[in-house]
Every structure is written in C-alpha cells, then in structure tokens.
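Here are the chains, one letter per residue:
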Amino acid sequence: MAVSLVNRFEQDNIIVEQIDNLLNWARAGSPWYFQFGLACCAIEMMAAAAPRYDLERFGAMPRSSPRQADVMIVAGTVTLKMATRVKRLYEQMANPKYVISMGSCANSGGPYWQYGYHVLKGVDLVVPVDVYVPGCPPRPEALMQGLLELQKKIKEDTPLRRVS
C-alpha cells in the first residue's frame, strides 16, 4: 500500500536536511531591514514597502531600531558627517548583518562624486556592502530584485563552517 508524501509527513513529522541549509532558509525568509533613508532614494524605498509592491510578501519587515534588524538599506546620499553615524548604526546591528546600497549616491557618490567635497564616494568605504542597487533613483522593483539577490546570498552562506 503506497502512502502519499503528505500522509507520511503527517505521521512522521520528520525533515532531514543539513543544519546550515535550515538556518539559511530561515534567515533568508525573514530579512528585517533597518529603515535608513537619506535622500530621494528613501521615497522609492518607502514605495517598495507600500501596498503596491509590498516587500513583506518576501518576508522583509521594516524595523526602526538597528538592534532588531539584520539588513541595512542605505538609500541616498551619504555625507561625510553622516558616515560616522552610518558606521555606528551598522555596528549596533546583531550578527549576521547585511547591507544593501541603494542608488547611485550611496553606491559611488552619484552626481556629486567629482565636485561634492562633502559627499562620501560610496558607502562601501564605511561599511561592507553585500548588494548594490543601481539607479538614480532606483525603482521599487530594483530594490525588490536587490532583496532577492541578498536572499540568494544568504542561502549560500555556511554559518556553521565559518572559521572565526
């Protein structure tokens, strides 16, 4: 007598998988992001979280405290004065933590890179960036794609085999 997979799961309740894969699946399915909008890209980040695009359907949930977030989305122009605050907020996040750089200004200084003495020439000079989202400003779909790329990166991680 053949037992279907659903019936067998209801009877046994056993899942066999590597612990790394289970941890990564859980972490990738719930990226809580820190709302850190600095300029016009923040409007697009808010639009991505609004009902039309709804980042929460991917498990992404906005947090207003760095201690509760594991993803920082840096959206907009980072000035030299703000760079120390970005670094401090990044350091307050719990490990493992990830950064999405959103927009041309956060990626490389944007239109201010040549003559803007007050603009940081890329947020990667202050914090390690995992995913870059290009555009000026990038559309909400671009941020969603960046979030999906980050989820792929998280699923490929090996947290238990990492050498400290």
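Please refer to the structure placed before this passage.
A short tour of the structure in this document, coming up.

## Some words on helix α3 (residues 41–49)
Line of reasoning, step 1. Considered for burial, the residues of α3 that qualify are C41, A42, E44, M45 and A48. For α3, the arc enclosing every buried residue in end-on projection is 160°, short of the 170-degree limit, so these residues lie on one face. More than 90 degrees from the buried face of α3, the exposed residues found are I43 and M46.
Line of reasoning, step 2. Turning to α3, the residues buried within the fold contact β1 (32–37), β3 (71–75), β4 (98–102) and α6 (140–155).

## Some details on the packing of aromatic side chains
Line of reasoning, step 1. Inspection of every chain in the model, using the stated rule, returns 0 aromatic pairs.
Line of reasoning, step 2. Positioned above the aromatic ring of Y90, the side-chain terminus of K97 is 4.5 Å from the ring centre.

## Quick look at the nonpolar core
Line of reasoning, step 1. With 21 residues, the main nonpolar core has L55, V71, I73, I100, M102, L143 and L150 as its most contacted residues.
Line of reasoning, step 2. Contributions of two or more residues to this core are made by α3, β3, β4, β5 (131–133) and α6.
Line of reasoning, step 3. Per-element accounting of this core gives the leading share, 5 residues, to α6.
Line of reasoning, step 4. Setting aside residues up to four positions removed in sequence, M102 forms contacts with C41, E44, M45, I73, V74, A75, G76, N107, V133, P138 and L143.
Line of reasoning, step 5. Grouped together as the second largest cluster of nonpolar side chains are 18 residues, F36, M72, V78 and V86 included.

Calculation notes
Residues numbered from 1 in each chain as written. Predicted model: local features only at pLDDT ≥ 70, side-chain atom pairs only at ≥ 80, totals over all residues. Heavy atoms only, no water. Buried < 20%, exposed > 50% of the residue type's maximum accessible area, 1.4 Å probe, protein only. Helix = DSSP H or I, 4+ residues; strand = E, 2+ residues; numbered from the N terminus. Arc of directions from axis to C-beta. Contact = heavy atoms within 4.5 Å. Phe/Tyr/Trp six-rings, centres within 6.5 Å; stacked < 30°, edge-to-face > 60°. Lys NZ or Arg CZ within 6 Å of the ring centre and 35° of its normal. Core = buried A, V, L, I, M, F, W, Y, C linked by side-chain atoms within 4.5 Å.

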